[in-house]
Amino acid sequence: AAPARDVKIFAGLDAPLRGPLLVASGDTKIIGDIPDGCGVACEGGNCTVSGRINGKLAATKNCEIYGPIAGVVVSRKGAIRARNMMQQSIAVAKEGSVMITGADAARMVFGCNMLKVKHGVKASTILGRCVEVGEEIIGGRVQTSEFVKATRFRNDDKRMSIVLRRGLSPQDY
């Protein structure tokens, strides 16, 4: 029921949205999923989603998602907690941390302070000041400014790259 909008830059990312965009103020709880082609912007508060993210979600503070991310999630000042990151998904915590269960071919996972993955990461681009992966990292690209920790690093059919940087800033996403 939200009004349709044509947004070219969603929460500072080049992720266009043409469709319904719900703008909520304060803490917001979404029961169910955010469908593809839809967006939610939580201004000045935290956001909790009981389902999966196929569309786009932006929040000023923390984002807690009980399902997987298959779309775009952006937190400006807080942390992002979610299950898995699916193919071509994006999660950006501009000034906070990202805590997920796993990532499979995610386009980008950026945790400015910390990026923590419970299981493994496969063929994904991950960036964080401190990167901790509970199992192995297979292929993809890792960028860090302090440390990256995993049980094992392994190439896939393409290549794996680990980039050690002097620092990461919120503009690096």
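Calculation rules
Residues numbered from 1 in each chain as written. Predicted model: local features only at pLDDT ≥ 70, side-chain atom pairs only at ≥ 80, totals over all residues. Heavy atoms only, no water. Helix = DSSP H or I, 4+ residues; strand = E, 2+ residues; numbered from the N terminus. Rg over C-alpha atoms; globule rule 2.2 N^0.38 Å. Buried < 20%, exposed > 50% of the residue type's maximum accessible area, 1.4 Å probe, protein only. Contact = heavy atoms within 4.5 Å. Areas by Shrake-Rupley, 256 points an atom, 1.4 Å probe, with all protein chains shown as cover. 1 Å grid on protein atoms, 1.4 Å probe; cavity = no way out; pocket = protein on both sides within 12 Å on 5 of 7 lines; lining within 4 Å. Points joined across faces, edges and corners; volume = space filled by probe spheres on them. Nonpolar A, V, L, I, M, F, W, Y, C, P; charged D, E, K, R; others polar. Polar contact = N/O pair within 3.5 Å; in protein donor to acceptor, adjacent residues only side chain to side chain. Disulfide = S-S within 2.5 Å.

## Points about the overall build of the protein chain
And then number 1: From N to C terminus, the protein chain includes zero helices and 18 strands.
And then number 2: Taking 2.2 N^0.38 as the reference for a compact globule, 173 residues should give roughly 16 Å; the C-alpha atoms of the protein chain span a radius of gyration of 15 Å, in line with that estimate.
And then number 3: With the C-alpha coordinates aligned to their principal axes, the bounding extent of the protein chain is approximately 45 × 30 × 25 Å.
And then number 4: Across the 173 residues that make up the protein chain, the buried fraction comes to 47%.
And then number 5: Within the protein chain, counting contacts between residues at least 6 apart in sequence, those at least 24 apart form 9% of the total.
And then number 6: Here the protein chain has roughly 8,700 Å² of accessible surface; of this, 47% comes from carbon and sulfur atoms.

## Things to note about the environment of G78
And then number 1: Here G78 lies in the loop between strand 8 (72–75) and strand 9 (80–85).
And then number 2: Considering only alpha carbons, one finds G78 and M108, 30 residues apart in sequence, at a separation of 17 Å.
And then number 3: Leave out the neighbours within four places in its chain, and G78 touches T60, K61, N62, A93, G96 and S97.

## Observations regarding the layout of surface pockets
And then number 1: Roughly 240 Å³ of volume is contained in the largest pocket.
And then number 2: What lines the largest pocket is a set of 14 residues, among which A11, A41, C42, E43 and A58 lie closest to the centre.
And then number 3: Looking at the lining of the largest pocket, the elements that each hand over two or more residues are strand 2 (17–25), strand 4 (39–43) and strand 6 (56–59).
And then number 4: No other element matches strand 4, which puts three residues into the lining of the largest pocket.
And then number 5: Looking at the lining of the largest pocket residue by residue, the class counts come to nine nonpolar, one polar and four charged.
And then number 6: Around the second largest pocket, the lining residues are E64, I65, Y66, R81, A82, R83, M99, I100, T101 and K118.
And then number 7: Only strand 7 (63–65), strand 9 and strand 11 (97–104) provide two or more residues apiece to the lining of the second largest pocket.
And then number 8: Per-class residue counts for the lining of the second largest pocket are five nonpolar, one polar and four charged.

## Topic: the side chain of S124
And then number 1: Looking at the secondary structure, you find S124 in the loop between strand 13 (121–122) and strand 14 (125–133).
And then number 2: By relative accessible area, S124 is classed as buried at 1%.
And then number 3: Within polar-contact distance, the side chain of S124 engages the backbone nitrogen of A106 at 2.9 Å.
And then number 4: Apart from the residues lying within four places of it in its own chain, the contact partners of S124 are A103, D104, A105, A106, G140 and R141.

## Concerning the state of the cysteines
Disulfide: a covalent bond formed between the sulfur atoms of two cysteine residues.
And then number 1: For the coordinates displayed, the defined rule picks out zero disulfides.
And then number 2: Take C47: it sits in no disulfide, and the sulfur closest to it among the cysteines is that of C42, at 3.3 Å.
And then number 3: Since its relative accessible area comes to 1%, C47 is described here as buried.
And then number 4: Among the cysteines around C130, which has no disulfide bond, C112 carries the closest sulfur, lying 10 Å off.
And then number 5: Judged by its relative accessible area of 10%, C130 is buried.

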